[in-house]
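The primary structure of each chain is shown beneath.
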Amino acid sequence: MINEKIKELMGQYSDELVELRRKFHSEPELSFEEVKTTQFVCDYLDQLGIAYRKTEPTGVIAEIKGGKPGETVALRGDMDALSVKQLNTHVPYASKIEGKMHACGHDTHTAMLMIAAKALNEVKEELAGNVRLLFQPAEEIAQGAKAMVEQGAMEGVDNVFGIHIWSQAPTHHISCTPGPSFAAADIFKVRFKGKGGHGAIPEDCVDAVMVASSFAMNVQAVVSRTIDPQSPAVLTIGKMEVGTRFNVIAENALLEGTVRTFHQDTRDHIENSITQFAESIATMYGATAEVEYIRGTQPVINDTESAQLVQQVATEAFGAEFLYDEKPTMGAEDFSFFLDKAPGCFALVGSGNPEKDTEWSHHHGNFDIDEDALATGAELYAQYAWAYLNK
Ligand code: NI
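Computed from a prediction, not measured in an experiment: that's the story for all the values here.

**Description of the overall build of the protein chain**
Logical step 1: In terms of helices and strands, the protein chain carries 10 helices and 15 strands.
Logical step 2: Relative to the 2.2 N^0.38 estimate, which gives 21 Å for 391 residues, the radius of gyration of the protein chain is 24 Å and therefore close to what a compact globule would have.
Logical step 3: When the 391 residues of the protein chain are sorted by exposure, 53% land in the buried category.
Logical step 4: Here the analysis covers contacts within the protein chain between residues at least 6 apart in sequence; of these, 82% occur between residues at least 24 apart.
Logical step 5: Within the structure as shown, the protein chain displays about 16600 Å² of accessible surface, and the carbon and sulfur contribution to it stands at 51%.

**Concerning the coordination of the nickel ion**
Logical step 1: In the first shell of the nickel ion, the protein supplies C104 (SG), H106 (NE2) and H164 (NE2), at 2.1 to 2.3 Å from the metal.
Logical step 2: Along the chain, the residues donating to the nickel ion fall in the pattern C-x1-H-x57-H. With H106 in helix α3 (residues 106-122) and H164 in strand β5 (residues 159-170), the pair connects residues that are 58 residues apart, well separated along the chain.
Logical step 3: Here H164 falls in the buried class, since its relative accessible area comes to 4%.

**Here's the deal with the sheet that holds strand β13 (residues 288-297)**
Logical step 1: If you trace the four strands from one edge of the open sheet to the other, you get β10-β12-β8-β13, paired in antiparallel fashion. The open sheet has two edge strands with one neighbour each: β10 (233-242) and β13. Each strand of the sheet is rotated relative to its neighbour by a mean of 15 degrees, with strand direction disregarded.
Logical step 2: Note that strand β8 (residues 184-193) and β13 share nine bridges and pair antiparallel. Paired with A185 across the bridge in β13 is T297.
Logical step 3: Packing against the sheet, helix α5 (residues 208-218) makes contact with β8, β10 and β12 (252-261), and its axis sits at approximately 165 degrees to β10.

**Some thoughts on the domain arrangement of the protein chain**
Logical step 1: Annotation of the protein chain at the domain level lists domain 1 (4-182 + 299-389) and domain 2 (184-297).
Logical step 2: Averaged C-alpha coordinates put domain 1 and domain 2 at centres separated by 38 Å.
Logical step 3: Opposite the 15 residues of domain 1 that make contact, domain 2 presents 11 residues.
Logical step 4: If you sort the residues of domain 1 by the area they bury against domain 2, P299, M330 and A332 come out on top, with a joint share of 64%.
Logical step 5: Our enumeration of links across domain 1 and domain 2 arrives at zero salt bridges.
Logical step 6: Linking domain 1 with domain 2 are one residue pair in polar contact (both at pLDDT 80 or more).
Logical step 7: At the level of elements, β7 (179-182) and α9 (336-339) are the ones that each hand at least two residues to the side of domain 1 that touches domain 2.
Logical step 8: At three residues, the largest contribution of residues to the side of domain 1 that touches domain 2 is made by β7.
Logical step 9: Partitioned by chemical class, the residues of the side of domain 1 that touches domain 2 number nine nonpolar, four polar and two charged.

**Section: the packing of α5 against helix α7 (residues 264-285)**
For any two helices packed against each other, one specifies the inter-axial angle together with the distance between the axes.
Logical step 1: The interhelical angle for the contact between α5 and α7, taken along N-to-C directions, is 145 degrees, at an axis separation of 10 Å. Between α5 and α7 lies a crossing of right-handed hand. Here M210, V211, S214, F215 and N218 of α5 come into contact with α7, specifically with I274, F277, A278, I281, A282, M284 and Y285.
Logical step 2: Tallied by class, residues from the contact of α5 with α7 come to 10 nonpolar, two polar and no charged.

**Observations regarding the pattern of salt bridges**
Logical step 1: Scanning all chains against the criterion turns up 24 salt bridges.
Logical step 2: A salt bridge links K239 to E241, with the nearest nitrogen and oxygen atoms 3.5 Å apart.
Logical step 3: With a relative accessible area of 34%, K239 lands in the partly exposed category.
Logical step 4: We classify E241 as partly exposed; its relative accessible area is 43%.
Logical step 5: The partner of D370 in a salt bridge is K356, with the nearest N and O atoms 2.7 Å apart. Of this pair, D370 sits in the loop between β15 (344-352) and α10 (372-389) while K356 sits in the loop between β15 and α10, and the two are 14 residues apart along the sequence.
Logical step 6: Owing to a relative accessible area of 2%, D370 belongs among the buried residues under this scheme.
Logical step 7: On the basis of relative accessibility, which here comes to 41%, the residue K356 falls in the partly exposed class.
Logical step 8: Residues joined by salt bridges that share partners form a network here, namely R21, R22, D107, D368 and E371.

The rules behind each value
Residues numbered from 1 in each chain as written. Predicted model: local features only at pLDDT ≥ 70, side-chain atom pairs only at ≥ 80, totals over all residues. Heavy atoms only, no water. Helix = DSSP H or I, 4+ residues; strand = E, 2+ residues; numbered from the N terminus. Rg over C-alpha atoms; globule rule 2.2 N^0.38 Å. Buried < 20%, exposed > 50% of the residue type's maximum accessible area, 1.4 Å probe, protein only. Contact = heavy atoms within 4.5 Å. Areas by Shrake-Rupley, 256 points an atom, 1.4 Å probe, with all protein chains shown as cover. Donors = N, O, S within 2.8 Å, 3.2 Å for Na, K, Ca; no water. Pairing = 2+ DSSP bridges. Axes fitted to C-alpha atoms, helices over the stretch in contact; angles between N-to-C directions. Domains from an automatic or database assignment. Buried area = accessible area lost by both parts, 1.4 Å probe. Salt bridge = Lys/Arg side-chain N within 4 Å of Asp/Glu carboxyl O. Polar contact = N/O pair within 3.5 Å; in protein donor to acceptor, adjacent residues only side chain to side chain. Nonpolar A, V, L, I, M, F, W, Y, C, P; charged D, E, K, R; others polar. Left-handed = near helix turned anticlockwise from the far one by under 90°.

The following block contains the structure:
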């Protein structure tokens, strides 16, 4: 099933792959600011003779036309960095930009996708169909995939495949499990309005501190008492702003939080319940409530056939001993916007190695990867496209 020529090319390109990743790592750009990265990718595609177009404001859609007719498979690699201060500054490829860092490994995804493109371009005459390359901006704010889809990234695409490097798994280990993989992530904001006044005269006031606290304590019952325990859900209030000084009864409160779910009915239920709880609690105290619920990413649900193909390809390319099943995470991935348009799947490629100090969690200032994992990821991209088209 896998292509031997691609495997051989990956060996030849491995030094270039590391260089590319280091370049991106040292010059991180934040979401929708990936101007230099976008240009660098375009210049590289020009050299390879691969047709592309830029998306607005950043991002690239490219296409390798196969020599034989067939379907179109899309490969996605995201490109944005985070506003995280790099702590492991001793590495020669440390960020040159204060306060910005590739702390999630998207630098590796861009580099791996470029090298996969180079290898696929070498075997394009034998490809039965086309490979769409999606160099995606702004994953960290869950806006980039949506923007690319709106600009036609998925038109004519039959299947889509994405990879995330994963520091929590050992180097070379690959997980692509059918079914739920990343959760849907929503944002909610609740505003309570009471009646402010002197801290010594509560009888003339409606205390927003009481209302907000009561809501924060009670709304957790939505998860613990009203939904099916088999349907995972998290409701977190991460921010609460209330009051102005110690001897003034607060008039206003603002609470902000996130909801993570896998199933649509659970999601709908929690959205409705937040409003119900907010309004009921406000009424109880004589205050008013205003609820804003913003739907973010859809859950990433891996298509069974696609995930099985990844497992077959990984087994053949690297050996069954490198396959593992990562449990679904309540974290989010905006890859889900591509999955809305075509079946596909999302794989994790391990890069954790205690000897190289690369087991730090994603988004931490010490985050780094075992560069040996790069070739695994790049080859997985290319072999998946090959296997999908030539199956
Ligand atoms: Ni990430």
